[in-house]
Amino acid sequence: MTKIVPNSPKAWLLAARPKTLTAALSPVLIAAALALPTLLHPAGSDSPIGPSNALVTPPFGGIEGGLIALLCLLFAALMQIAANFINDFFDFRRGTDNEERLGPERACQQGWVTPRAMKIAIGITLALAAATGLGILFVASPFFALSAPWLIGMGAACIVFAFLYTTLLSYCGGGDVLVWVFFGFVPVLGTYYVLTGTLSPDAWLLAAATGLVTDTLLVINNYRDRDGDRRSGKRTLIVVFGERFGAYFYLLQGLAGVVLAACVAPKAAVLYIIYIYAHARTWRKMCSIRTGRALNGILGRTSLNMLFFTVLTVVAVLLK
C-alpha cells in the first residue's frame, strides 16, 4: 500500500488517474485533425475545400475553431476525471474494491480521500464539465442555435451514463457498449460537428474505429479481474463468455479499429503497421501472463498502443 497523506494534492492526483486521460483526449484530437481542412478554409472563403454536406455551416475559422477544440478537450478531460471519481466512490461503497483487488490502488479504498470529500469532488468536477460544455455552445453560437438542445442532451447523457456505468451497466455486460458510444461516437462526432457543422462518412468511420481501439483498455481490465468479478457478481462479457473470448476480443477490436481508420486514409494505411505490431505483441504477452497483477503492465502497454493509434490516425488524416 502506497503511503499518501489523506486529501493531499498527491492523493487527488492519484484519484484523478491521469494515465486514463489518453482515452478521453484521443477521440477529440482525431476529430479535430479530420476537421482541420474546414477550419483552415471556412465557409465564405474562396477555397473549394469546405463541408459540402453541412447541416449548419459555421463561418468561423482557425481562432474560433481552435478555441472550440480546446474546450472539447477540456470537457473530455473533466468528464474522464469525474468518471474516475464516481467509479472510485461507488465501487468503494459497494465493496467491489477490497484487499483482493488486482488493479491499481483506489483512493477511497486506501484512505487517501474520504468518501465525503470524493462526493464533493464529483459535484465540482461535473459542474466544471457542464460549464465547459456551455462554453462550447457560447463560442459556436448562433450557428448551432437549432442544434443546441441536441448538444446539451449529449452532454447530459455523458453525465448520466458516467453514473450508470459504475452503478449498473458494468455489472451486466454493458461496459463495452458504453465505451464504444462515449469514447468513440459521442466525442468524435460531437467534436467534428461543432467544428464543421457536418457529420461526414469519414467522421463515422473514425468514431467507430476509436471506440473499438479504446475498448481494448476496458477488455484488459475485465480480463485481469474476471475471477474477482465472478465472485462479486459483476457479469462482464469476459465473465459470461470466458477467458479465451476475452483474449480474442482484445485482439480483434484493435485490428478492426485499424481497418476502419485505414478506410479514411488508405494512402497512409501503411503507417498502421506500427500499431498492429505493438498491439499483437501486447496481446501475445497478455495471453502468456493470463492472470494476476502482472497484467497491470499489459494495461500500461495497451494505453501506450492507443497513443500510437491516435498519433498515427492524426498523421494519416492530415496526409490523406
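Below, the structure is looked at part by part.

Conventions and cut-offs
What you see as residue numbers is a count from 1 along each chain, following the sequence as written. Totals for whole chains, interfaces and linings use every residue, but because this is a predicted model, local features are given only for residues with pLDDT of at least 70 and side-chain atom pairs only at 80 or more, for both listing and counting. Side-chain measures here rest on the full set of heavy atoms in the structure, leaving out hydrogens and waters. Axes here mean lines fitted to C-alpha atoms, for a helix over just the part in contact, with angles spanning 0 to 180 degrees between N-to-C directions. Each helix is a run of DSSP H or I of at least 4 residues and each strand a run of E of at least 2, with the numbering of both proceeding from the N terminus. Small angles under 35 degrees read as roughly parallel and large ones over 145 as roughly antiparallel, with 65 to 115 read as roughly perpendicular and the rest as oblique. In what follows, a contact means two residues having at least one pair of non-hydrogen atoms within 4.5 Å. Each residue gets one label: Ala, Val, Leu, Ile, Met, Phe, Trp, Tyr, Cys and Pro are nonpolar, Asp, Glu, Lys and Arg are charged, and the others, such as Gly, are polar. For patches, a residue must show more than 30% relative accessible area and have no salt bridge; joins then use 9 Å for like charges and 5 Å for nonpolar side chains, namely Val, Leu, Ile, Met, Phe, Trp and Tyr. To measure how exposed things are, a 1.4 Å probe is used in the Shrake-Rupley method; for residues, cover is taken only from the protein chains shown. Each reported salt bridge corresponds to a side-chain nitrogen of Lys or Arg within 4 Å of a carboxyl oxygen of Asp or Glu. The charge count treats Lys and Arg as positive and Asp and Glu as negative. His and the chain ends do not count. By convention, the point assigned to a charge is CZ for Arg, NZ for Lys, CD for Glu and CG for Asp. Between 30 and 60 degrees the pair is tilted, below 30 it is stacked and above 60 it is edge-to-face, where a pair is any two Phe, Tyr or Trp rings, Trp via its six-membered ring, whose centres lie within 6.5 Å. Summary of the burial criterion: residues with accessible area below 20% of their type's maximum are buried, those above 50% are exposed, and those between are partly exposed, where the area comes from a 1.4 Å probe applied to protein chains only. Criterion for a charge above a ring: Lys NZ or Arg CZ within 6 Å of the ring centre, and within 35 degrees of the ring normal.

Our focus in this paragraph is the packing of helix α8 (residues 201-224) against helix α13 (residues 295-319). Packed helix pairs are characterised by how far apart their axes lie and by the angle those axes make with each other. The contact between α8 and α13 brings their axes to 9 Å, and the two run at 175°. Classified by the angle between their axes, α8 and α13 sit roughly antiparallel to one another. Here α8 contributes L206, A209, T210, V213, T214, T216, L217, I220, N221, Y223 and R224 to the contact with α13, which in turn contributes L295, N296, I298, L299, T302, S303, M306, F309, T313 and V317. Tallied by class, the residues present in the contact of α8 with α13 amount to 12 nonpolar, 8 polar and 1 charged.

Before going further, it helps to examine a positive patch on the surface. Together, R281, R284, K285 and R301 make up a region of like positive charge exposed at the surface. With 3 residues, the top contributor of residues to the positive patch is helix α12 (residues 273-289). Looking at where R301 falls in the secondary structure, it is placed in helix α13.

For the rest of this paragraph, the subject is the packing of aromatic side chains. This structure, assessed with the given rule, holds 10 aromatic pairs. Each ring, one from F185 and one from W204, has its centre 6.0 Å from the other, and the planes form 50°; the classification is tilted. Of this pair, F185 sits in helix α7 (residues 175-196) while W204 sits in helix α8, and the two are 19 residues apart along the sequence. Note on F185: relative accessible area 29%, which makes it partly exposed. Note on W204: relative accessible area 42%, which makes it partly exposed. Among the aromatic side chains, those forming a connected cluster through ring pairs are F89, F90 and F163. The ring of Y223 is capped by R226, whose NZ or CZ atom sits 4.4 Å from the centre of that ring.

This next bit is on the pattern of salt bridges. All told, the structure shown has 5 salt bridges when counted by the stated rule. When the shortest N-O distance is used, the salt bridge between D202 and K320 registers 3.4 Å. Taken together, the positions of D202 in helix α8 and K320 in the segment after α13 put the pair 118 residues apart, joining distant regions of the chain. According to the relative accessible area criterion, D202 is partly exposed, its value standing at 21%. Accessibility expressed as a relative area gives 49% for K320, which makes it partly exposed. Note that R230 is salt-bridged to D227, the shortest N-O span being 3.1 Å. Note that R230 and D227 are positioned in helix α9 (residues 226-232) at a spacing of 3 residues, about one turn of the helix.

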